[in-house]
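Listed below are the residues making up each chain.
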Amino acid sequence: MQNIQEKPRYTGDIAEEVRNREQEYTAVTQEITFSDEQHAIWAELFAGIHQPQLLEHICGEFMIGLERLQLDPQHIPTITHLNEHIEPHTGWRTERTAVRYTKAEDWYRKFAQRIFLVTDYLRSREQIKFTPEPDMFHDIFGHLPYLTMDFYARIEEKFAPAFLKASDDEREVIKRLAWYSTEFGLVVEDNRLKIFGAGIISGRGELNNTIMELYRLDRDGVVNTNEPVYAQICEQFERHKADVDRIIDGINRLHRQGQMSSQEQGWNVIRTLYDELGIDHSGYFGGEVLLAPFEIDYIARIPKTVYAFNPIFFVFESFDRLAERLDSYLQPIAHRR
Ligand SMILES: [Fe+2]
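Keep in mind the model is a prediction, meaning the values are calculated, not measured. (Residues numbered from 1 in each chain as written. Predicted model: local features only at pLDDT ≥ 70, side-chain atom pairs only at ≥ 80, totals over all residues.)

1. Looking at the nonpolar core
- Core analysis: the largest hydrophobic core is formed by 82 residues, its most contacted members being Phe159, Ile174, Leu177, Leu186, Leu291 and Val315.
- The residues touching phenylalanine 159, leaving out its near neighbours within four places in the chain, are Tyr108, Phe111, Ile174, Ala178 and Leu330. (Core = buried A, V, L, I, M, F, W, Y, C linked by C-beta atoms within 7 Å. Buried ≥ 20, exposed ≤ 12 C-beta atoms within 10 Å, placed from the backbone. Contact = placed C-beta atoms within 7 Å.)

As structure tokens, then:
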């Protein structure tokens, strides 16, 4: 396992919000009364993604979970509704938090108790397409349909036991593994690349970018959809590893220079980086986001991009294979004394 050598290491985390603990919700204050405007923003976000031409690119498990969760397209759900529709399936519960971006350690302590925190913050109208902060639409619409499903609960249950025993360097890798799987992963389903991650699903900008890339790979002949697609992604990645390495180094450099920190700059910077490195915007590198196989050594080297679009996403060939790969890194740490 390659360690990330530069210190202090750039993590890509959102600055954590310091809140008065007394403002935190208690068992009796879980439910909030939302304004009509907040329900209207929820309805617009819901309708923006609940469209057949978008949903067909999201994996089948999400659709099953969405059905189980019985969300109201017009109204933000109550915590009671969410728990009634999640707990009987997987034993997980949700809890409201006043913290917009919870410190990883606090987050994983709740995870260890099978509690998924839902923020009380909802993006504004100006942030309909992109918000760097995970808001309640992201938490609820992006993650919770999956949390009604056993396979997802088992995946989420892998992270906390390792995180709570991990060193600082390992913790950074674990956060990146979660980022590039449950937040921004893709999965192969019936030989089609499908969107899995909650961060892609809940953000129309990255959702569109990803769907465009799926079409482009086919259109530009990078992937022949009549042949096994995962093997072709692996072949492309293998063939272009030297350039991928240079891109990853470049991304790290840009992060350290603070140039991966705005939605406007994000992609232009990457395009400029390709130009600087003399990498042609064609073939495997022709899209708005690079798709690579879910290889832990590579994921460990790429910081999270939270204030701009992510330059690279990772694909796994099945949820079983994702689980195995996560285990290969997480289990030895979780079982450490
Ligand atoms: Fe998330």
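2. Thoughts on the packing of helix α7 (residues 150-163) against helix α8 (residues 168-183)
- Between α7 and α8, the shortest axis-to-axis distance is 10 Å and the interhelical angle comes to 170 degrees. Judged by the angle between their axes, α7 and α8 are roughly antiparallel. Residue-level inspection shows Ile155, Glu156, Phe159, Ala162 and Phe163 of α7 in contact with α8, the latter providing Arg171, Ile174, Ala178 and Thr182.
- Partitioned by chemical class, the residues of the contact of α7 with α8 number six nonpolar, one polar and two charged. (Axes fitted to C-alpha atoms, helices over the stretch in contact; angles between N-to-C directions. Helix = DSSP H or I, 4+ residues; strand = E, 2+ residues; numbered from the N terminus. Parallel < 35°, antiparallel > 145°, perpendicular 65-115°, else oblique. Nonpolar A, V, L, I, M, F, W, Y, C, P; charged D, E, K, R; others polar.)

3. Concerning the packing of α8 against helix α15 (residues 319-334)
- Between α8 and α15, the shortest axis-to-axis distance is 11 Å and the interhelical angle comes to 165 degrees. As judged from the angle between their axes, α8 and α15 are roughly antiparallel. For the pair α8 and α15, the sense of crossing is left-handed. Where α8 abuts α15, its residues Glu170, Leu177 and Ser181 lie against Leu322, Leu326, Tyr329 and Ile333.
- In terms of residue class, the contact of α8 with α15 is built from five nonpolar, one polar and one charged. (Left-handed = near helix turned anticlockwise from the far one by under 90°.)

4. Some remarks on the environment of proline 311
- Mapped onto the secondary structure, proline 311 falls in the loop between α14 (296-299) and β6 (312-316).
- The spacing of proline 311 and isoleucine 270 is 41 residues in sequence and 7.1 Å in space, taken between C-alpha atoms.
- Apart from the residues within four sequence positions on either side, proline 311 is in contact with Ile251, Ile270, Val289, Leu290 and Thr305.

5. Some words on α15
- Residue serine 328 marks the point of greatest curvature in α15, where the axis turns by about 40 degrees; the proline proline 332 follows within four residues.
- Looking at the buried side of α15, the elements it contacts are α7, α8, β3 (186-189), α14 and β6. (Bend = angle between axes of the 7 residues up to and from the residue.)

6. Digging into the confidence of the model for the protein chain
- Residue-level pLDDT values for the protein chain average 90, and 91% of them are 70 or greater.
- Within the model, pLDDT remains below 50 along residues 1-6, and this stretch shows 11 contacts once partners closer than five positions in the same chain are excluded. (pLDDT = per-residue confidence, 0-100.)

7. Structural notes on helix α6 (residues 136-143)
- With respect to burial, α6 is a largely interior element, eight of its eight residues being buried.
- Taken together, the buried positions of α6 are occupied by Met136, Phe137, His138, Asp139, Ile140, Phe141, Gly142 and His143.

8. Some thoughts on unusual backbone geometry
- Despite not being glycine, glutamine 70 shows a phi value in the positive range, around 50 degrees.
- Relative to the helices and strands, glutamine 70 is located in the loop between α3 (60-69) and α4 (79-90).
- On the basis of neighbour count, glutamine 70 is assigned to the exposed category, with 12 C-beta atoms found within 10 Å.
- Even without a glycine there, the phi angle at aspartate 190 is positive, about 50 degrees.

9. Some details on the environment of glutamate 61
- Relative to the assigned elements, glutamate 61 resides in helix α3.
- In this structure, the C-alpha to C-alpha distance between glutamate 61 and leucine 186, residues 125 residues apart in sequence, is 12 Å.
- Beyond its immediate sequence surroundings of up to four residues, glutamate 61 is in contact with Tyr146, Met149 and Phe151.

10. Focus: the pairing of strand β2 (residues 115-119)
- Here five bridges tie strand β1 (residues 93-97) to β2, and the two strands are oriented parallel to one another. Bridge pairing in β2 places arginine 96 opposite valine 118. (Pairing = 2+ DSSP bridges.)

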